[in-house]
Amino acid sequence: MNQTCDLQSKHCVPCEGGVPKLTQEQIATFLPSLKNWEVNAEGTSIKKRFSFKGFYKTMAFVNAIAWIANQENHHPDMEVGYNYCVVKYMTHAISGLSENDFICAAKIDALGEV
């Protein structure tokens, strides 16, 4: 099983802080498992812009993300417009990235495979 499938099959672990955020080396290990997600310069968040043909498809995507976020109890920040959605993940409790962010991003990437 490759790491992408592995991330998609995992579930988020509740994080209330007190755990270390991922190191640059750990981020570099997880990032290739995702499709075109970018890490910010500080290494504290990942984001991706998705484009759609119209508002209805954008909203369907946003609703699918909401379902994933509620199932995993790990919620992204999103910027939504008529034909786009920017999804940004970070684990707020640690002000950085955790494996949960990569798990949810992999699950969102899988939406395009359906």
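Because the structure is predicted, anything quoted here is derived from the model rather than measured. (Residues numbered from 1 in each chain as written. Predicted model: local features only at pLDDT ≥ 70, side-chain atom pairs only at ≥ 80, totals over all residues. Heavy atoms only, no water.)

Colleague: Hey, could you run me through the pattern of salt bridges in this one?
Modeller: As a working rule, side chains carrying opposite charge can pair if their charged atoms are close by. For the coordinates displayed, the defined rule picks out two salt bridges. Note that D109 and K48 form a salt bridge whose closest N and O atoms lie 3.0 Å from each other. Here D109 is found in helix α4 (residues 99-111), whereas its partner K48 is found in strand β2 (residues 46-51), with 61 residues between them in sequence. Residue D109 shares its accessibility class with K48, and that shared class is buried. Salt-bridge contacts for E72 lead to K107; the nearest nitrogen and oxygen are separated by 3.5 Å. (Salt bridge = Lys/Arg side-chain N within 4 Å of Asp/Glu carboxyl O. Helix = DSSP H or I, 4+ residues; strand = E, 2+ residues; numbered from the N terminus. Buried < 20%, exposed > 50% of the residue type's maximum accessible area, 1.4 Å probe, protein only.)

Colleague: In this structure, what is going on with the nonpolar core? I would like to understand it.
Modeller: Across soluble globular proteins, nonpolar side chains have a tendency to be buried as a group. If you look at the biggest cluster of nonpolar residues, it comprises 23 residues, and the most contacted ones within it are W37, I46, V87, F102 and I108. Elements supplying a minimum of two residues to this core: α2 (24-30), β2, α3 (55-72), β4 (84-89) and α4. The greatest single-element share of this core, amounting to six residues, is contributed by α4. Contacts of W37, omitting those with residues within four sequence positions, involve L31, I46, K47, K48, F50, V87, Y89, A105, I108 and D109. (Core = buried A, V, L, I, M, F, W, Y, C linked by side-chain atoms within 4.5 Å. Contact = heavy atoms within 4.5 Å.)

Colleague: Honestly, unusual backbone geometry in this entry has me stumped. Any pointers?
Modeller: Positioned with a positive phi, N36 is a non-glycine residue whose angle comes to about 65 degrees. Counting through the fold element by element, N36 comes out in the loop between α2 and β1 (38-39). Phi is positive for S95, close to 50 degrees, though the residue is something other than glycine. Counting through the fold element by element, S95 comes out in the loop between β4 and α4.

Colleague: What is the right way to look at the packing of α3 against α4 in this model?
Modeller: A pair of packed helices is characterised by two quantities: the angle between their axes and the separation of those axes. Remark: α3 packs on α4, axes separated minimally by 10 Å, with the N-to-C direction vectors making an angle of 145 degrees. The hand of the α3/α4 crossing is right-handed. Note on element contacts: α4 touches α3 through C104, K107, I108 and L111, opposite F61, A64, I65, I68 and E72. Residue classes in the contact of α3 with α4 are distributed as seven nonpolar, no polar and two charged. (Axes fitted to C-alpha atoms, helices over the stretch in contact; angles between N-to-C directions. Left-handed = near helix turned anticlockwise from the far one by under 90°. Nonpolar A, V, L, I, M, F, W, Y, C, P; charged D, E, K, R; others polar.)

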